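Below are the chains, spelled out letter by letter.
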Amino acid sequence: MIKTSDLIWQDTQHQMLFKLIDEIKIEPFDREVLKKLQLYAEHHFSLEETYMKELNYPGIADHVRAHDRFREELRAMVDTQVSMNKVLQDSLSLFLFEWLRLHVLGIDKKLEDYILRSSSK
Ligand SMILES: [Fe+2]
Ligand SMILES: [Fe+2]
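Since the model is a prediction, treat every value here as computed from it, not as a measurement.

**Details of the packing of aromatic side chains**
Inference 1: The tally for this structure, following the rule as stated, stands at six aromatic pairs.
Inference 2: Taking 5.6 Å as the distance between ring centres and 80° as the angle between the ring planes, the aromatic pair formed by phenylalanine 45 and phenylalanine 70 counts as edge-to-face. Separated by 25 residues along the polypeptide, phenylalanine 45 in helix α2 (residues 31-54) and phenylalanine 70 in helix α3 (residues 60-80) bring together distant segments of the chain.

Put into structure tokens, the structure is as follows:
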């Protein structure tokens, strides 16, 4: 049974994702940060997807597609081992930050509202 208070996890996990994305900018670049981000993002996306399935959320296909795009971007960055410099670190961090910001404000917000409505029934 989903309770309203359960949604605290979503905010907390988003903050953690923003924190890891910010760490990409730190010099010298630590490739482990990308791996940590990849693991944590997977943990977070899986949890949202579990909620969507459990609630028969109508927007599940679009939402999972959006997560999959992020998964692919990150996988490509972790796998290609591109040599990094400060300019690349900053632009990668900005790109991921913007992606996450729009995702959280848009598609995740809709999911949050849906979870809240379902739990109040
Ligand atoms: Fe999210
Ligand atoms: Fe999401």
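Okay, back to it.
**Details of the coordination of the iron ion (ligand 2)**
Inference 1: The iron ion (ligand 2) binds to the protein through Glu48 (OE), His63 (NE2), His67 (NE2), His103 (NE2) and Asp108 (OD), with metal-donor distances spanning 2.0 to 2.2 Å.
Inference 2: For the iron ion (ligand 2), the single-chain donor residues occur in sequence as E-x14-H-x3-H-x35-H-x4-D.
Inference 3: Separation of the iron ion (ligand 2) from the iron ion (ligand 1) amounts to 3.4 Å, with glutamate 48 serving as a shared donor to the pair. You can see histidine 63 sitting in helix α3 and its partner aspartate 108 sitting in helix α5 (residues 107-120), a full 45 residues away along the chain.

**Quick look at the packing of α2 against α3**
Inference 1: For the pair α2 and α3, the least separation of the axes is 10 Å and the interaxial angle reads 165°. In terms of orientation, α2 lies roughly antiparallel with respect to α3. Considering how the two elements wind past one another, α2 and α3 form a crossing that is left-handed.
Inference 2: A per-class count over the contact of α2 with α3 returns 11 nonpolar, four polar and eight charged.

**As for α2**
Inference 1: Here α2 contains 24 residues, and its C-alpha end-to-end distance of 35 Å stays within 8% of the 34 Å for a straight helix at 1.5 Å per residue.
Inference 2: Among the residues of α2, Arg31, Val33, Leu34, Leu37, Ala41, His44, Phe45, Glu48, Glu49, Tyr51 and Met52 are the ones counted as buried.
Inference 3: Buried residues along α2 sit against α1 (8-23), α3, α4 (86-105) and α5.
Inference 4: N-cap assignment for α2: the residue whose side-chain oxygen lies 2.9 Å from the backbone N of glutamate 32 is aspartate 30.
Inference 5: At the exit of α2 stands asparagine 56, carrying a positive phi of roughly 50°.

About the criteria used
- Residues numbered from 1 in each chain as written.
- Chains lettered and ligands numbered in written order.
- Predicted model: local features only at pLDDT ≥ 70, side-chain atom pairs only at ≥ 80, totals over all residues.
- Heavy atoms only, no water.
- Phe/Tyr/Trp six-rings, centres within 6.5 Å; stacked < 30°, edge-to-face > 60°.
- Helix = DSSP H or I, 4+ residues; strand = E, 2+ residues; numbered from the N terminus.
- Donors = N, O, S within 2.8 Å, 3.2 Å for Na, K, Ca; no water.
- Axes fitted to C-alpha atoms, helices over the stretch in contact; angles between N-to-C directions.
- Parallel < 35°, antiparallel > 145°, perpendicular 65-115°, else oblique.
- Left-handed = near helix turned anticlockwise from the far one by under 90°.
- Nonpolar A, V, L, I, M, F, W, Y, C, P; charged D, E, K, R; others polar.
- Expected span 1.5 Å × (residues − 1).
- Buried < 20%, exposed > 50% of the residue type's maximum accessible area, 1.4 Å probe, protein only.
- Contact = heavy atoms within 4.5 Å.
- Polar contact = N/O pair within 3.5 Å; in protein donor to acceptor, adjacent residues only side chain to side chain.

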